[in-house]
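# Fold and contact review
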Amino acid sequence: MIHLKFLNNDETIKALCQNYWQINKDGCFIYDVKELAGQYGINTPTLYKVVKESCIAYISDTACISCGKQHACHNRTEFNKLIKKNNMICMECRAKQQQQFLYEKKEEEKKKELEKIEKEKKHRAQLVDDVSFILKNHLFDFSKASPRQIIFLLTLIRFSANEELSKLQAYSDIYGIRFTPNENYSIEILKQLYRDNILLIDPSSNLSAFNFHNDGSFSFSITKVIWLINYKDNISSLQSMIGEIVCMPEFFDTYSLEIKQLCEEVALQECLAYLDYQLAARHFVFFPGEKTKAVFNKLLQKYSVAQMYNFIYRACRYASDEYQKRQIPKKQAANLIPGAVQRYGEKAEAEGWEITPYKRNFDLPQSELSVVLYDVILGKPDGGFNLSIENLFQNNRL
């Protein structure tokens, strides 16, 4: 069963190797390694070293399933593994298979990369075709733009235009400034400008922002794409044009009701953003609905956002106290906030309280939309924060 190939001609060492590898009819080794080492006056590690360097053992009834060669081993541990895994692959063939596997894997990766490049080319060509078609056949007529569209677009240009004024950067790539007071509100405005055919997707946008479908359609992340403006000239000329329009007295005279409505929206979003901030600080989860918005809108007619900060902070503190004192769930505690804001506001009005306005939170700076509305159009720097809607427009012609 075991055939030895000797690498040393010393008869004593040959005898040692034969005794080491000798097995009985049951396939068990006859000599114990320690006893054998003792017989030859050496220690066990030396015996292993001598056997490994002096002979190679071949197992006659086992062979590599790939090349058919008999398996060779240098110690009993290797022998036992070969017996248990009969007809296993030899080391040479295993190395060749591993090399072949790595080669095939590399070729597969190359193939996938080429397929990816082809898909990207196809998808970018689709985006280019879509934009080219719209610019050629469906240019947006800015002479018919609504005041909301004009104000939103001017704000977006100031917020996200690149240095060359050739495109608008992806919303998610801009840090340190806010488009509007509330991210959800910002996203809704982007969606509306896209639906109105004012914004077009720039074909150079990162393709990870898209999900292309088999039918040729695609979906995309509104915050991750780069934008072009559906306008015949460059962004610089458009910015100059609409910037002059919003600063004209006639613009306010004509669209005062729309501007007031937009100021009310921005004030509400300021309050919702501050509410989110206070909820997060207390690890409360609450999703403001129509009831909360109605409460805020009513109070904003009389009180400024700065004063609403006061009401909101006190209501959140009240909810937090109730949570700790009564051991109620956080969700139940958070639901107390809209009612508390309403009670504070109504009591303040009924009893003629002097409501201390809070300062703007460092983490919630004035948004670009607020700058355009209050600083540029109304000429009242951050007026939407420090003045109520009533006071904001009382001296303006409506």
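Predicted, not measured: the structure shown is a model, and the values here were computed from it.

Two orientations exist for strands paired in a sheet by backbone hydrogen bonds: parallel and antiparallel. Spatially, S1-S2-S3 is the arrangement adopted by the three strands of the open sheet, whose pairing is antiparallel. Of all strands in the sheet, those bounded by a partner on one side alone are strand S1 (2-6) and strand S3 (70-73). Taken over all neighbouring pairs, the strand axes of this sheet differ in orientation by 30° on average, direction set aside. Contacts between helix H1 (residues 11-21) and the sheet are confined to S1, strand S2 (55-63) and S3, with S1 contributing the most and set at about 155° to the helix. Strand contacts of helix H3 (residues 44-54): S1 and S2, with the helix running at about 70° to S2, the strand carrying the most contacts.

A few words now on unusual backbone geometry. One non-glycine residue, Gln327, lies in the positive phi region at around 55°. Here Gln327 is to be found in the loop between helix H11 (305-326) and helix H12 (330-334). Despite not being glycine, Asp382 shows a phi value in the positive range, around 50°. Within the fold, Asp382 resides in the loop between helix H14 (368-377) and helix H15 (383-386). Among the residues examined, Asp382 registers a relative accessible area of 14% and is labelled buried.

Ile229, Ile259, Phe296 and Val341 are the most contacted members of the largest nonpolar core, which totals 87 residues. Tallying contributions element by element places helix H9 (residues 249-281) first for this core, with 13 residues. Not counting residues up to four positions away in its chain, the partners in contact with Ile259 are Ile151, Phe251, Phe252, Leu373, Ile377, Leu378 and Phe393.

Conventions we followed
- Residues numbered from 1 in each chain as written.
- Predicted model: local features only at pLDDT ≥ 70, side-chain atom pairs only at ≥ 80, totals over all residues.
- Heavy atoms only, no water.
- Pairing = 2+ DSSP bridges.
- Helix = DSSP H or I, 4+ residues; strand = E, 2+ residues; numbered from the N terminus.
- Axes fitted to C-alpha atoms, helices over the stretch in contact; angles between N-to-C directions.
- Contact = heavy atoms within 4.5 Å.
- Buried < 20%, exposed > 50% of the residue type's maximum accessible area, 1.4 Å probe, protein only.
- Core = buried A, V, L, I, M, F, W, Y, C linked by side-chain atoms within 4.5 Å.

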